[in-house]
Amino acid sequence: MSVLDLYFSPPSQPLFGRHGRGHEPLVVFGIPFDSAATRIPGQRFAPRRIREVSVELETFSPVLNMYVEELEYFDAGDLPLTTEFSVLRDIVSKTVREFIETGKTPLALGGDHLVSYPLISEIALNLDELLVVVFDAHMDLRDEYPLGTRFSHATVMRRLLENNEKISIAYFKPRGFSREEYELARTEKRIFIVEDIQRLEQLLGSYRNVYVSLDIDALDPAFAPGTGTPEPMGLTPHGVVEALRVIAGQARSLVGFDLVEVNPMVDCNDITSLLAGKLVMELLFSLKEKEKDGKAQQSQHGE
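What counts and what doesn't
Residues numbered from 1 in each chain as written. Predicted model: local features only at pLDDT ≥ 70, side-chain atom pairs only at ≥ 80, totals over all residues. Heavy atoms only, no water. Axes fitted to C-alpha atoms, helices over the stretch in contact; angles between N-to-C directions. Helix = DSSP H or I, 4+ residues; strand = E, 2+ residues; numbered from the N terminus. Parallel < 35°, antiparallel > 145°, perpendicular 65-115°, else oblique. Left-handed = near helix turned anticlockwise from the far one by under 90°. Contact = heavy atoms within 4.5 Å. Nonpolar A, V, L, I, M, F, W, Y, C, P; charged D, E, K, R; others polar. Buried < 20%, exposed > 50% of the residue type's maximum accessible area, 1.4 Å probe, protein only. Polar contact = N/O pair within 3.5 Å; in protein donor to acceptor, adjacent residues only side chain to side chain. Patch = residues over 30% accessible without salt bridge, like charges linked within 9 Å, V, L, I, M, F, W, Y side chains within 5 Å. Areas by Shrake-Rupley, 256 points an atom, 1.4 Å probe, with all protein chains shown as cover. Salt bridge = Lys/Arg side-chain N within 4 Å of Asp/Glu carboxyl O. Lys, Arg positive; Asp, Glu negative; His and termini not counted. Charge placed at Lys NZ, Arg CZ, Asp CG, Glu CD. Pairing = 2+ DSSP bridges. Right-handed = clockwise from strand over helix to strand, strands pointing away.

Trainee: Teacher, can you tell me more about the packing of helix α7 (residues 197–206) against helix α8 (residues 237–250) here?
Mentor: Direction vectors running N to C along α7 and α8 enclose 25°, while the axes themselves pass 10 Å from each other. Classed by the angle they form, the pair α7 and α8 counts as roughly parallel. Remark: the crossing between α7 and α8 carries right-handed chirality. Taken together, the residues of α8 that come into contact with α7 (itself represented by I197, L200, E201 and L204) are E242, A243, V246, I247 and Q250. Grouping the constituent residues of the contact of α7 with α8 by class yields six nonpolar, one polar and two charged.

See below:
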């Protein structure tokens, strides 16, 4: 039985109002899990709320001269709610494994940041190397947090590095560090701190496979108040979109994407959920633009 039949039911409101037909190369799905959140839970409600407000967004990109109706994705719905990480890990692993086997690229809506662990772990199993580009105020490199807890949204990147030597992590302009995390980032050769687009482009040229994990608290709380661990002095939406366009355009193989840590329970007028939907839309636009450019180049060479 397919995981689509086993775990999913169609969303009542699909992303941007479009379900897709099921054969599209990119599959959107929600992971309503927040048991690893350490300050304010509520991230389990994000996948549904992001979809609900996404239909209020305008659907045309004047920069790329493109409409949402041109995008090719399938919204599978949400995985079942669980509060146990071991259960979540098993379900996500099986789901992502089937998506990969059927030639689909996963785009996940979290959920707290720990949902990235089984996603990225399963994808990395099939690859020789993987660069994970992380947008996050924090590094999530703690060994334990809270006390005695080795799997939480504050330890997820530490566990990924420990458990898979194929993975390297590039943080785009992080700003919240513990001493423990800062020292590890200085000594671990598979960790990169990226402070500008030029350095990001260099790294993208050095890795074939790229995964993007976007914690909404990477953005300044003025733009994204609806998150459990806001950190002042963050990124602007335009800065994140610029970086996403570079990744979509220059990554040789973008193998997956997740957007996590939106918390509708502490949001203001859906600002954060709307921004999350907009960021996903911009990524999809950029991926479609790359596809169009590739087809145009093939056509020119064919002539």
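Trainee: Would you take a moment to explain the environment of D217 for this structure?
Mentor: Counting through the fold element by element, D217 comes out in the loop between β9 (209–215) and α8. Judged by its relative accessible area of 2%, D217 falls in the buried class. For D217, the residues in contact, after removing those within four places along its chain, are D136, A137, H138, R175, T227 and T229. Only 3.1 Å separates the side chain of D217 from the side chain of T229, close enough to count as a polar contact.

Trainee: Quick question: what am I supposed to make of a negative patch on the surface here?
Mentor: A cluster of acidic residues, E195, D196, E201 and E242, forms a negative patch at the surface. Residue position: E242 is located in helix α8.

Trainee: Looking at this structure, I do not really get the pairing of strand β10 (residues 253–260). What am I missing?
Mentor: Regular strands have side chains that alternate between both faces of the sheet. In terms of residue burial, β10 counts as a mostly covered element, since seven of its eight residues are buried. Across seven bridges, β9 lies against β10 in parallel orientation. Residue pairing for β10: V210 is matched across the bridge by L254. Following the backbone out of β9, through α8 and into the adjacent parallel β10, one traces a crossover that is right-handed.

Trainee: Please explain the pairing of strand β5 (residues 105–110) as it appears in this structure.
Mentor: Across the six residues that make up β5, a large majority, five, are buried. Alignment of strand β1 (residues 26–31) against β5, held across six bridges, turns out to be parallel. What sits directly across from V27, in β5, is P106. One ladder, built from three bridges, connects β5 with β10; its direction is parallel. Paired with A108 across the two strands is D258, which belongs to β10.

Nothing here speaks to function; it is geometry throughout.
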